[in-house]
Amino acid sequence: MKIVERNIGESIVIDITGDIDLSSSPDLRKVLLRELKEKRTPRVIVNLAGVRYIDSSGVASLVEGLKASRDTGLRFALVGLSKGAREVLQLSRLIKIFEIHDNEEQALA
Amino acid sequence: MPDANKMAAPAQNPDSDVMISLRDLRVSYGTREILHGINLDVRRAETLVILGGSGSGKSTLLRTLVGLERPSSGEIWLRGKNLATISDKDLDEIRRKLGMSFQSGALFGSMTVGENVGLPLREHTKLEDSTIEIMTRLKLEQVGLGGFEDYYPSELSGGMKKRAAVARALSMDPEILFFDEPSAGLDPIIAAGIDQLILELKQAFHMTIIVVTHELASAFLIADQMVYIDKGVIIAQGTPAEMKANPLPRVRQFFDRVAEPEVEQEMDYLQMLTAEHRRPVRR
Amino acid sequence: MELTAQIGRGVLDGLAYVGALTRLSLQAAYYAFIGPFRGRPLRVERAFSQAMEVGVRALPVLSVITFFIGLILALQGAYELRKFGAIHFVADAVAISMTRELGPLITAIVVIGRSGSAFAAEIGTMKVNEEIDALETMAISPVQFLVTPKFLAMILMLPCLTIWANFMGILGGSLFGVAQADFSFLGYINATVDALFLRDIITGLIKSVMFGMTITAVGCSEGLNTGVGAESVGKSTTAAVVISIFLVVVVDLVFTSLFFFAGKG
């Protein structure tokens, strides 16, 4: 899994490529919590377009990010969900809880 | 149609989608051979139901597939490794990608349901406790036990225990899920609920699922492929439709619930009555 | 002919059993002392809760028993010593028999009754309920998960309990000393301290560590070898107690002779 961060104005876009699994999800969690808890970036957008596989530890890390954003009152959005990722979130009944956009532009709007 | 080569010798189609391959698998307890040369292929995202009567060797087959019994000869190919000759370390590596739901549930009584489900994650990963907690709750939600993480297994009903056991089997996001008699000891309505859960998991995660059962209704509901084991050999295999049409008398007997014929040959009977005592193989 | 063959088989079975116990102890020791440096973290909290169970909860019953044993020793010793007008040696007699022999042994027997049997019952029940199989399919070593915490708890707590047992025994002896042998309490304690060498206490403690390993290995191995069905848990528990007592006495004999000959040479 690779993580690239891009600052766009006040916002940050986190591009993730590869597999989010038991070994890589702690890194994702670290980045999310750093942006949302320490740096207090007003808007954090996670771009999952390059993600082939996300397991439940990845989903749990996203949930932790969402929780942190609610606690600090910041915005946290997901974009570029693959069909598989969407299915996984659907199953865990999380699809309605996350702020989900089709692409970055919409999320930044 | 994959049906065409279903009955062909499995060795002839080296299918890249094959998750598990068994080649002439033999398993013995002491000097008694239980499985006499099993050949079988299980494909990715397929649900295989292993049917058979008591003492047919179907449970032994399942135990061998998860590495609880070592074969006396033959091969078990799983994730590119042969379980028959594998080192303990590699076996443990493979087991992290397998989930097993035991007949009794086998939940640890001294731990809460949540601790049970989170145990493999705590033992094998470096995930933070907060992440593990969320994962545990997600798994319990998936099996319909949301909100039960602080209960102890003894406080759950039989069906709930089974569900909790499935949640634990799911905790590491396994590629293959094994069930030993999922509906044994449950009333028909609860048992149907477990069948439904298996179907949901199959659809949701595209997991390879292997179920040992003697419950016919449940078997026909969940199976893509079925094998029927009798006295340690596979005597029939195919899709549920093919199995329903199988003409073999032994299979028909099982499906039509015909009682075991008493003793087939007089000589066998005489031998049985007058045989020497055998020492029990295991204590 | 038949008899010698049977004896031979019995000896071989016994040796194989002791070999299996040794292997189990070595595995448990590996996970306790070497595993943590090879990326297999030790779950200290499990060892801690076992130590509470094995050690702290044994204190009341152990205290009473060893107090009485000390008193009995004093009574028995005084019966003989009195004949030689040497009743003031009763403090020495109690101190040495407690620290060298009875402290460790009585402690071991109390712990067998409380914990050795509980280990066999706990692990045996888990075996019957497929929980041991479940651990294995989750790639969790039952030895690491179940045996190692007990092993650690035992080798830490048995010496501690033994020291306490020695103390209570001496206290029991002092009751007689003060009441019947013209000792003051402090005088009795002083006489005890004068009588003891550090070696007496150390040999007792070495024995107690060995007893701890023996009890853990037997209890856990009987549990892990439980057959099917609830009644086999009962059998394992009984076997664990009987075999533990027997082996503890054997280990005691071996080490006492070792100390005896080492002390001589």
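Since we're looking at a predicted model, the values are computed, not measured.

Colleague: How do you make sense of the interface of chain C and chain B when you look at a structure like this?
Modeller: When the parts of a complex come together, some accessible area is lost, and that lost area is often used as the size of the interface. Taken together, the 18 residues of chain C in the interface contact 23 residues of chain B. Roughly 1700 Å² is buried in total at the junction of chain C and chain B, and carbon and sulfur atoms are behind 54% of that figure. Together, Glu130, Thr137 and Met138 of chain C form the three largest contributors to the area buried by chain C at its contact with chain B, with a combined 32%. For the pair chain C and chain B, the number of links is two salt bridges. With its nearest N and O atoms 3.4 Å apart, the salt bridge here joins Arg46 of chain C to Glu123 of chain B. Taken together, chain C and chain B are joined by eight residue pairs in polar contact (both at pLDDT 80 or more). Ranked by residue count, the leading element in the side of chain C that touches chain B is helix 5 (residues 131–137) of chain C, at six residues.

Colleague: Please explain the interface of chain B and chain A as it appears in this structure.
Modeller: Facing 18 residues of chain B, the contacting portion of chain A comprises 18 residues. For the pairing of chain B and chain A, the buried interface totals around 1400 Å² over both sides, and the portion due to carbon and sulfur atoms is 64%. Taken together, the connections running from chain B to chain A amount to eight residue pairs in polar contact (both at pLDDT 80 or more). Counting residues per element, the ones that place at least two in the side of chain B that touches chain A are helix 4 (129–142) and helix 6 (188–205) of chain B. The element that contributes the greatest number of residues to the side of chain B that touches chain A is helix 4 of chain B, accounting for eight residues. Residue classes in the side of chain B that touches chain A are distributed as eight nonpolar, six polar and four charged.

Colleague: Is there a simple way to explain the packing of helix 4 (residues 90–128) of chain C against helix 7 (residues 185–195) of chain C in this structure?
Modeller: How two helices pack is summed up by the angle between their axes together with the distance between the axes. Residue and element names in this part refer to chain C. Between helix 4 and helix 7, the shortest axis-to-axis distance is 8 Å and the interhelical angle comes to 55 degrees. The angle between the axes of helix 4 and helix 7 places the two elements in the oblique class. Read as a crossing pair, helix 4 and helix 7 show a hand that is right-handed. Taken together, the residues of helix 7 that come into contact with helix 4 (itself represented by Val90, Ala91, Asp92, Val94, Ala95 and Ile96) are Tyr188, Ala191, Thr192 and Ala195. Of the residues belonging to the contact of helix 4 with helix 7, the class tally is eight nonpolar, one polar and one charged.

Colleague: It is not clear to me how the pattern of salt bridges should be interpreted in this structure. Could you clarify?
Modeller: If the charged atoms of two oppositely charged side chains come close together, the side chains can form a pair. Across all of its chains, the model carries 35 salt bridges over all chains by this definition. We note a salt bridge from Arg137 of chain B to Glu149 of chain B, for which the minimum N-O separation is 2.8 Å. One end of the pair, Arg137 of chain B, is in helix 4; the other, Glu149 of chain B, is in the loop between helix 4 and helix 5 (158–170), with twelve residues separating them in the sequence. For Arg137 of chain B, a relative accessible area of 43% translates into the label partly exposed. According to the relative accessible area criterion, Glu149 of chain B is buried, its value standing at 15%. In this structure, a network of salt bridges that share partners links the residues Glu5, Arg34, Glu35 and Lys39 of chain A.

The rules behind the values
- Residues numbered from 1 in each chain as written.
- Chains lettered and ligands numbered in written order.
- Predicted model: local features only at pLDDT ≥ 70, side-chain atom pairs only at ≥ 80, totals over all residues.
- Heavy atoms only, no water.
- Contact = heavy atoms within 4.5 Å.
- Buried area = accessible area lost by both parts, 1.4 Å probe.
- Salt bridge = Lys/Arg side-chain N within 4 Å of Asp/Glu carboxyl O.
- Polar contact = N/O pair within 3.5 Å; in protein donor to acceptor, adjacent residues only side chain to side chain.
- Helix = DSSP H or I, 4+ residues; strand = E, 2+ residues; numbered from the N terminus.
- Nonpolar A, V, L, I, M, F, W, Y, C, P; charged D, E, K, R; others polar.
- Axes fitted to C-alpha atoms, helices over the stretch in contact; angles between N-to-C directions.
- Parallel < 35°, antiparallel > 145°, perpendicular 65-115°, else oblique.
- Left-handed = near helix turned anticlockwise from the far one by under 90°.
- Buried < 20%, exposed > 50% of the residue type's maximum accessible area, 1.4 Å probe, protein only.

Worth remembering: the numbers are spatial, not functional.
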